[in-house]
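# Architecture and fold: a report
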Amino acid sequence: MKQYLTYSEKETKDLAKKLAKNFQGGVIGLFGELGAGKTMFTQGFAQGLGIKEKIISPTFILIRQHQIPNSNNFLFHVDLYRLEKLKDLKQLGLHDTWSNPKNIVLIEWAGKIKKILPKNTTKITIAKLEGNKRLITID
């Protein structure tokens, strides 16, 4: 387990950029309360992959796909905040998406599907402290 303290939104995004540069593919589960910085982290991560398009949370559509430049690989940004039942997850096709090892799947509100996340999921918990300070724990 690794822990990081960030003191601003920029530092949080910069940490995510750094982590993205070494990430080969797989699933990242993001945990944290509403407003903790999960989408902000995802924005920095996408920038670290070289994605230029604006990253906004797919709260209402649940999943957005972004091509990673200079590759045939994709970042799938998933937001399960509005997911009500696990059976609704089947319609998203997440199992097929995360079974491709070249895909990067970032899941906000991953706690909602904790029981079915792949065993090798990287778990990142973001805790908002006072001001813009955040404690980021990576398991």
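We now turn to the structure provided with this report. Residue numbers here run from 1 along each chain, matching the order of that chain's written sequence. Where local features are concerned, this predicted model is filtered to residues with pLDDT of at least 70; where side-chain atom pairs are given and counted, the filter is 80 or more; whole-chain, interface and lining totals use all residues. Remark: hydrogens and water are excluded; side-chain values derive from all non-hydrogen atoms of the structure.

## A closer look at the sheet that holds strand 3 (residues 63-67)
Here, any two strands with at least 2 DSSP bridges between them count as paired. Numbered from the N terminus, helices here are DSSP runs of H or I no shorter than four residues, and strands are runs of E no shorter than two. Strand order in this open sheet of seven strands is 1-7-6-2-5-4-3, and the pairing throughout is mixed. Since the sheet does not close on itself, it has two edges, and those belong to strand 1 (2-6) and strand 3, each with one partner. Across the sheet, the axes of successive neighbouring strands diverge by a mean angle of 15 degrees, strand direction being ignored. Where strand 4 (residues 74-79) meets strand 5 (residues 104-108), five bridges bridge the pair, whose relative direction is parallel. Its bridge partner being in strand 5, Val-78 is matched across the sheet by Ile-107. It only takes one pair of heavy atoms within 4.5 Å for two residues to be counted as in contact. Where helices are involved, their axes are fitted lines through C-alpha atoms of the stretch in contact, as for all axes, and angles between N-to-C directions lie from 0 to 180°. The sheet strands contacting helix 1 (residues 9-21) are strand 1 and strand 7 (134-138), and the helix crosses strand 1 at an angle near 145 degrees. Sitting on the sheet, helix 2 (residues 38-48) is in contact with strand 2 (26-31), strand 4, strand 5, strand 6 (122-128) and strand 7, with an inclination near 165 degrees to strand 5.

## Considerations on the pairing of strand 2
With a 1.4 Å probe rolled over the protein chains alone, any residue whose accessible area is under 20% of its type maximum counts as buried; one over 50% counts as exposed, and the rest are partly exposed. The buried count for strand 2 comes to six of six residues, which makes it a mostly enclosed element. Note: strand 2 against strand 5, five bridges, orientation parallel. Note on strand 5: the bridge partner recorded for Val-27 is Val-105. Both strand 2 and strand 6 contribute to a ladder of four bridges, which runs parallel. By the bridge assignment, Ile-28 is partnered in strand 6 with Thr-122.

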